[in-house]
Amino acid sequence: MGLKKELPSMSRPRSILAIPLGGVDFVDGEGGQAALRVALALFVLGCYGVAQLTGMFGDLRVALQCVGGYLLFACLWCLIVAGEVGSERARLLTVIMLDELAFCLVMWRGEEATAVLAWLPIFMSLGNGLRVGVRIALYSASLAAACMSVVFISVPYWQQYGAASIGMVMAVVIVPVYGVALARKLDERRREAERRADEAEAATRTDQLTRAANRAGFMKAMARVVDEAKSSGMAACVFYIDLDGFKSVNDQVGHHAGDRVLVEVAEALRACVRSTDVVGRLGGDEFAIVARGMSDRRDAEALAEKIAVAVRAIEIHRAGLQLGASIGICMLPNAAVSAPQDAIDAADQAMLSVKKTSKNGFQFASAAA
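Parameters at a glance
- Residues numbered from 1 in each chain as written.
- Predicted model: local features only at pLDDT ≥ 70, side-chain atom pairs only at ≥ 80, totals over all residues.
- Heavy atoms only, no water.
- Pairing = 2+ DSSP bridges.
- Helix = DSSP H or I, 4+ residues; strand = E, 2+ residues; numbered from the N terminus.
- Axes fitted to C-alpha atoms, helices over the stretch in contact; angles between N-to-C directions.
- Contact = heavy atoms within 4.5 Å.
- Core = buried A, V, L, I, M, F, W, Y, C linked by side-chain atoms within 4.5 Å.
- Buried < 20%, exposed > 50% of the residue type's maximum accessible area, 1.4 Å probe, protein only.
- Salt bridge = Lys/Arg side-chain N within 4 Å of Asp/Glu carboxyl O.
- Patch = residues over 30% accessible without salt bridge, like charges linked within 9 Å, V, L, I, M, F, W, Y side chains within 5 Å.
- Areas by Shrake-Rupley, 256 points an atom, 1.4 Å probe, with all protein chains shown as cover.
- Phe/Tyr/Trp six-rings, centres within 6.5 Å; stacked < 30°, edge-to-face > 60°.
- Polar contact = N/O pair within 3.5 Å; in protein donor to acceptor, adjacent residues only side chain to side chain.
- Parallel < 35°, antiparallel > 145°, perpendicular 65-115°, else oblique.
- Left-handed = near helix turned anticlockwise from the far one by under 90°.
- Nonpolar A, V, L, I, M, F, W, Y, C, P; charged D, E, K, R; others polar.

A.B. asks: Looking at this structure, how should I read the sheet that holds strand S3 (residues 286-292)?
C.D. replies: Sheet strands pair by backbone hydrogen bonding; their relative direction is either parallel or antiparallel. Spatially, S2-S3-S1-S4-S5 is the arrangement adopted by the five strands of the open sheet, whose pairing is mixed. The sheet is open, and its two edges are formed by strand S2 (278-283) and strand S5 (362-364), each paired on a single side. Sheet twist, expressed as the average angle between the axes of neighbouring strands with direction ignored, equals 20°. Both S2 and S3 contribute to a ladder of five bridges, which runs antiparallel. If you follow Gly283 over to S3, its bridge partner there is Glu286. Across the sheet, helix H11 (residues 297-312) lies against strand S1 (236-244), S3, strand S4 (324-332) and S5, angled at about 160° from S4, the strand it touches most. Sheet strands in contact with helix H12 (residues 340-356) are S1, S2, S4 and S5, and its direction is about 140° off that of S4.

Below you can see the structure in the form of structure tokens.
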């Protein structure tokens, strides 16, 4: 009875070789990260090349060789990602370790010329942590700190900057871990704010007594259904339900009991329909249901009878009182329906016809009422 809509596959290519460079996501995704390594290596290699030509840092041949070696590694890693060698987690842990080892090799061999790259371990650990989580940030930062400590202790050039070296090691651990934890906390607050905003918006579309959709919420659902009926011919059915005998409940038992009955009616109606259908309270003792994908009159009749039985089964703790339901039904698409209110009015008129005759029954609106 419901319509099943097939959604096109939106799977993202895992390999940078499967998509053009303009489509590479350098921020997220394993393929994008592999491409980012190549891009960074080319950028640093270019900067060192310019510095070598201008004599800015003296002889940079060793630094150029080190960065060139890393560029070859980055290109090789692109092939490993493209071939999906090993599991994704194994590749992640391995490439983090190789990144940190390669960086420290550059620091050890390049000495002064590579001091300008001291921010890279922080960048790598922070990026890994933001993409994967705090544990990965801690893993990456710990490796970086260990490797950098070995370099600063064993290389004479770095030994003369003892305090600065200690500060760099501390920064490479503290900054990424704190940054990732802070980002996660802010993301949690954003999601909580969005959840509260959604709840507040939903409250404006919900009847506070019965928790069914109120008139505004039901009209919004109806607008979508009518648009789909007009544009694609999607079938739907609108039920307008007026309770018979409810005034006697209020008059003889009291409004508190009447409110309790309305809550039970809403629960009974929800139990009669699917989760994709919308139950609304339009006001007083008038309810409505819109059932998407219902095209067969026999299905609509069966649901109307189910609703009537469910309403009559509600117990009122006073002898001689029983509820009934007069139900009007409007099938969509309908030539006379061009707006949500048209469908509700058509079902309402059909319900009034039942109300004037037998009550406790249902009637269909005409196709061109």
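Next comes the rest of the description.
A.B. asks: In this structure, what is going on with the nonpolar core? I would like to understand it.
C.D. replies: Note that soluble globular proteins tend to have their nonpolar side chains buried in a common cluster. Ranked by internal contacts, the top residues of the largest apolar core, which has 35 residues, are Phe239, Ile241, Ile307, Leu323 and Ile329. Contributing elements (two or more residues each) for this core: S1, helix H9 (246-252), helix H10 (255-272), S3, H11 and S4. Beyond its immediate sequence surroundings of up to four residues, Ile307 is in contact with Ile241, Leu269, Cys272, Ile289 and Ile327. Within the second largest apolar cluster, 24 residues are counted, among which are Ala51, Leu120, Ala144 and Trp158.

A.B. asks: What's the story with the pattern of salt bridges in this structure? I'm lost.
C.D. replies: Working definition: two side chains of opposite charge can pair if their charged atoms are close together. According to the stated counting rule, one finds 17 salt bridges in the structure shown. Note that Glu201 is salt-bridged to Lys220, the shortest N-O span being 3.8 Å. Here the residue Glu201 occupies a position in helix H7 (residues 162-203), and Lys220 occupies one in helix H8 (residues 215-232), the gap between them amounting to 19 residues. Given the relative accessible area of 40%, Glu201 is considered partly exposed. Taken together, the salt bridges that share partners define one network made up of Asp187, Arg190, Arg191 and Glu194.

A.B. asks: Looking at this structure, how should I read a nonpolar patch on the surface?
C.D. replies: A grouping of Ile166, Met170, Ile174, Tyr178, Leu182 and Leu186 is seen on the molecular surface, where their side chains present a nonpolar patch of about 620 Å² in accessible area. On the secondary structure map, Met170 appears in helix H7. Classification of Met170 by relative accessible area gives partly exposed; the value is 47%.

A.B. asks: Would you take a moment to explain the packing of aromatic side chains for this structure?
C.D. replies: Aromatic ring pairs are reported here in terms of the distance separating the ring centres and the angle at which the planes meet. One pass over the full model with this rule turns up six aromatic pairs. Connected via pairs of aromatic rings, a cluster forms that spans Phe152, Tyr157, Trp158 and Tyr161.

A.B. asks: So what exactly am I meant to see when it comes to the environment of Thr204 here?
C.D. replies: Along the chain, Thr204 falls in the loop between H7 and H8. On a C-alpha basis, the gap between Thr204 and Tyr240 in space is 22 Å, while along the polypeptide they are 36 residues apart. In contact with Thr204, not counting residues within four places along its chain, are Asn214 and Ala216. Here the side chain of Thr204 touches Glu201 through a polar contact of 2.5 Å, landing on its backbone oxygen.

A.B. asks: Please explain the packing of helix H1 (residues 30-54) against helix H2 (residues 61-82) as it appears in this structure.
C.D. replies: The packing of two helices is summarised by the inter-axis angle and the distance between the axes. Following both chains from N to C, one finds H1 and H2 inclined at 160°, their axes separated by 9 Å at the closest point. The angle between H1 and H2 places the two elements in the roughly antiparallel class. Here the hand of the crossing between H1 and H2 comes out left-handed. Its residues placed into classes, the contact of H1 with H2 shows 18 nonpolar, four polar and three charged.

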